[in-house]
Amino acid sequence: MSKWLEHSVQVEVDTPIDLVWSLWSDLEQMPRWMKWIESVKILADDPDLSRWQLASGSFKFTWLSRIVKLETNQIIQWESVDGLPNRGAVRFYDRHGSSIVKLTIAYAIPGILGPLMDNLFLGQIVESTIQADLDRFKVYASQVQLKS
């Protein structure tokens, strides 16, 4: 039996919702701002599926993810269907010229390791990492906006 750990972070991005959406919904670009994501590949025969690879130091994890909900300028929700068990959503809020991006990620830790890993500050490490990812996204989106 697994224990699911969940984390939510958000950032306000000084770019319009259409640009924020177009950047984020291009999943293969995620390694540009997500530190631990090494690659994302959309499957040619099913664009709702993508193969993800996470790498940090000596450990690597892969998983196949399915988009389960997609509403333009509002939400991208996913769940893994193979590999590292995870699920989550990124939500977008239009602030008329700026945007709020809220990322929620949940992942399964096997049995007895769940409470142990949570107590060893895994949760704080993951949360600070995904907050830094959103901060990098904010900078990236601003740079893209300046170029257009």
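See the structure printed just above.
(A) Representation of the pattern of salt bridges. This structure, assessed with the given rule, holds five salt bridges. Among the ionic pairs, E71 bridges to K69, the shortest N-O distance being 3.7 Å. Judged by relative accessible area, E71 falls into the partly exposed class, the value being 31%.

(B) Here's a closer look at helix α1 (residues 17-24). Of all eight residues that make up α1, six are buried, and the element is covered over most of its length. Burial in α1 covers these residues: I17, L19, V20, W21, L23 and W24.

(C) Layout of the pairing of strand β5 (residues 75-83). Alignment of strand β4 (residues 59-71) against β5, held across eight bridges, turns out to be antiparallel. Looking at β5, one finds that I67 is bridged to W78. Bridge count between β5 and strand β6 (residues 86-94): five bridges; the pairing is antiparallel. The partner of Q77 across the bridge, within β6, is A89.

(D) Expanded view of the packing of aromatic side chains. Scanning the entire structure with this criterion turns up nine aromatic pairs. Considering the side-chain rings of W24 and F92, the 6.5 Å spacing of their centres and the 70° angle between planes classify their relative orientation as edge-to-face. With W24 in helix α1 and F92 in strand β6, the pair connects residues that are 68 residues apart, well separated along the chain. Judged by centre distance (4.8 Å) and plane angle (65°), the rings of W33 and F137 are edge-to-face. Here W33, found in the loop between α1 and β2 (37-43), pairs with F137, found in helix α3 (residues 122-147); they are 104 residues apart in sequence, far enough to count as distant. Of the two residues, W33 and F137, both sit in the buried class.

(E) Fine view of the pairing of strand β3 (residues 46-56). Relative to β3, β2 runs antiparallel, the two being bridged by six bridges. Bridging across to β3, V40 finds its partner in W52. Between β2 and β3, which pair antiparallel one after the other, the connecting turn spans two residues. The sheet contact formed by β3 and β4 spans eight bridges and is antiparallel. Looking across to β4, one finds that S56 is bridged to F59. Linkage of β3 to β4, two consecutive antiparallel strands, is achieved through a turn of two residues, within which G57 is found at a positive phi near 60°.

Thresholds applied
- Residues numbered from 1 in each chain as written.
- Predicted model: local features only at pLDDT ≥ 70, side-chain atom pairs only at ≥ 80, totals over all residues.
- Heavy atoms only, no water.
- Salt bridge = Lys/Arg side-chain N within 4 Å of Asp/Glu carboxyl O.
- Buried < 20%, exposed > 50% of the residue type's maximum accessible area, 1.4 Å probe, protein only.
- Helix = DSSP H or I, 4+ residues; strand = E, 2+ residues; numbered from the N terminus.
- Pairing = 2+ DSSP bridges.
- Phe/Tyr/Trp six-rings, centres within 6.5 Å; stacked < 30°, edge-to-face > 60°.

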